[in-house]
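One letter stands for each residue in the lines below.
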Amino acid sequence: MKIINKTFFLLFVSTFSFAQNQLKPEDTEVWEPQPKIITPGINNLPPSDAIVLFDGKSLDNFTHVKGESPKLEIKDGAFTIMKSAGDIISKKLFGSIQLHIEWRSPAIIEGEGQGRGNSGVFLQSEYEVQIQDNYNNKTYANGQAGALYKQNPPLVNACRKPGEWQTYDIIYMAPKFYLDSTLASPARITVIHNGVLVQNNFELKGKTLWQGMPYYKAHGKAPLKIQEHNNAVSFRNIWVREIE
Ligand code: MG
C-alpha cells in the first residue's frame, strides 16, 4: 500500500513539474482589465475617487436622526458634537465601504470610564466602532476605543492623549441577507487606529447593543451614523470609498 502511495505521489509531482515547465511566464500574466487609475491623497486627505462626507466647511452631507440639519459649530475645519446635540447620519446610504474619519476628545478631561470622550461611528447605523478617550482611562475592554462595542476588544490600546487628533481607517463589509430576511453572511470589519491594526477582519455577531445579546435584522444600504453620548467630541476629514 505504502509503495503504491509513494508511486502515485512521485507520478503527481513529476506531472505537476512537467505542466509547470510547459507554461511560459507570460501565460500567468493578466493584462485586462487594467485597474482604474486614481490619485492617492497626501496626509490622510481623500483619494480622487473618495466620497467626501466632511471637508471641514459644511455639514450638508449629514442630517440629525430626526431629519433636521445639524446645528453644530464648525471651527478650524472640524465640527463638535456637544452634549444633547443628538446623533447625526449621512444623507447617503452605504453598503460595504472603506472609511476614514478623524476624531478628538477634549483636552480638558471630564468624566471617567464610559463617560469620557464617548462617541462612536456606526457602520450602516447599527454596528459601532467605539470612540472614547481611553488614554489612562480604564473601562470594560470590549467597550473601549477601537472596540466593536460589546463584541470584541481592540487588539491593543492605541489611544493618543486627549486633545490630540486620532484616525480610524475602517474596512467594512456589509452583511448579506437572503430574500426571507435570514442571514446569508455576517458583516466583517477591520479597523486601523492611528495606523495600528486593532480589529482584524472581525465577524460581527449582529447589532452592537448596550443591553442584551447581538442579533441581526435584515437591512439594505443605510446611513453612516456618528453618535452623541453626552461628551463633546470633534471630527474632521471624513471620507468614504464604496466597495463594490
Ligand atoms: Mg459610543
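These notes cover the structure that comes with them. (Residues numbered from 1 in each chain as written. Predicted model: local features only at pLDDT ≥ 70, side-chain atom pairs only at ≥ 80, totals over all residues. Heavy atoms only, no water.)

### Here we look at the overall build of the protein
We apply this condition: For the purposes of this entry, the term helix denotes a DSSP run of H or I that reaches at least four residues, the term strand denotes a run of E that reaches at least two, and both are numbered from the N terminus. Only C-alpha atoms enter the radius of gyration; for comparison, a globular chain is expected to reach 2.2 Å times N to the power 0.38, where N is the number of residues. Each residue gets one of three labels from its accessible area relative to the maximum for its type: buried under 20%, exposed over 50%, partly exposed in between, using a 1.4 Å probe on protein chains only. The contact criterion used is simple: two residues touch if any of their non-hydrogen atoms lie within 4.5 Å.
Tallying secondary structure elements over the protein gives 1 helix and 15 strands in all. In terms of C-alpha radius of gyration, the protein reaches 23 Å, well past the compact-globule figure of 18 Å for 244 residues. Projecting the C-alpha coordinates of the protein onto the three principal axes gives extents of approximately 75 × 40 × 40 Å. Buried residues in the protein amount to 41% of all 244 residues. Within the protein, counting contacts between residues at least 6 apart in sequence, those at least 24 apart form 65% of the total.

### Considerations on the pattern of salt bridges
What counts, and what does not: Note on definitions: salt bridges are taken to be side-chain nitrogens of Lys or Arg within 4 Å of carboxyl oxygens of Asp or Glu.
Here the structure, examined in full by the defined rule, presents 7 salt bridges. Note that Lys-92 and Glu-242 form a salt bridge whose closest N and O atoms lie 3.9 Å from each other. Residue Lys-92 is found in the loop between strand S5 (88–90) and strand S6 (97–104), and its partner Glu-242 is found in strand S15 (residues 233–242); the two are separated by 150 residues along the sequence. A salt bridge links Lys-221 to Glu-242; the nearest nitrogen and oxygen atoms lie 4.0 Å apart. Of this pair, Lys-221 sits in the loop between strand S13 (196–203) and strand S14 (225–226) while Glu-242 is found in strand S15, placing the two residues 21 residues apart along the sequence. Using a relative accessible area of 30% as the deciding quantity, one classes Glu-242 as partly exposed.

### What about the environment of Ala-222?
As for its position among the elements, Ala-222 is in the loop between S13 and S14. Assessed through its relative accessible area of 10%, Ala-222 is described here as buried. With 162 residues separating them in the primary sequence, Ala-222 and Asp-60 have C-alpha atoms 17 Å apart. In this view, Ala-222 contacts Lys-92, Leu-93, Phe-94 and Gln-124; residues no more than four positions away in its chain are not counted.

### Focus on the packing of aromatic side chains
The following threshold applies: Only the six-membered ring of Trp is used, alongside the rings of Phe and Tyr, when aromatic pairs are assigned; centres must lie within 6.5 Å, and planes under 30 degrees apart are stacked while those over 60 apart are edge-to-face, with the rest tilted. Charges are assigned to positions over rings by a cutoff of 6 Å between ring centre and Lys NZ or Arg CZ, combined with an angular limit of 35 degrees from the ring normal.
According to the stated counting rule, one finds 8 aromatic pairs in the structure shown. Their ring planes at 50 degrees and their centres at 6.4 Å tell us that Phe-62 and Phe-79 sit as a pair that is tilted. Of the two residues, Phe-62 sits in strand S2 (residues 62–64) while Phe-79 sits in strand S4 (residues 78–81), which places them 17 residues apart along the sequence. The exposure classification of Phe-62 matches that of Phe-79, with both residues buried. By the ring-pair criterion, three or more aromatic residues cluster together here, those being Phe-54, Phe-62, Phe-79 and Phe-235. Sitting above the plane of the Phe-122 ring, Lys-225 keeps its charged end 4.5 Å from the centroid.

### Let's talk about the pairing of strand S8 (residues 127–131)
Successive residues of a regular strand alternate their side chains across the two faces of the sheet. Quick note on the threshold: Two strands are said to pair when DSSP picks up at least two bridges between them.
Taken across its 5 residues, S8 has 5 buried, putting it largely inside the fold. By the alternation rule, side chains of S8 split into Tyr-127, Val-129 and Ile-131 and Glu-128 and Gln-130, which are all buried. Summarising the sheet, strand S7 (residues 119–123) and S8 pair through 5 bridges and their orientation is antiparallel. When the bridges of S8 are listed, Val-121 appears paired with Val-129.

### Digging into the pairing of S13
Pairing geometry for strand S12 (residues 188–193) and S13, over 5 bridges, is antiparallel. Its bridge partner being in S13, Ile-189 is matched across the sheet by Phe-202. Hairpin remark: S12 followed by S13, antiparallel, with 2 residues in the connecting loop; positive phi at Asn-194, about 50 degrees.

### Looking at the environment of Lys-138
Here Lys-138 shows up in the loop between S8 and strand S9 (166–173). For the pair Lys-138 and Ser-48, spaced 90 residues apart in sequence, the C-alpha to C-alpha distance is 39 Å.

### Points about the sheet that holds S2
Pairing in this open sheet of 5 strands is antiparallel, and the strands run S2-S5-S14-S7-S8 from one edge to the other. On the outer flanks of this sheet lie S2 and S8, each paired with one strand and no other. Sheet topology note: the S5/S14 ladder contains 2 bridges and is antiparallel. Counterpart to Ile-89 in the pairing with S14 is Lys-225.

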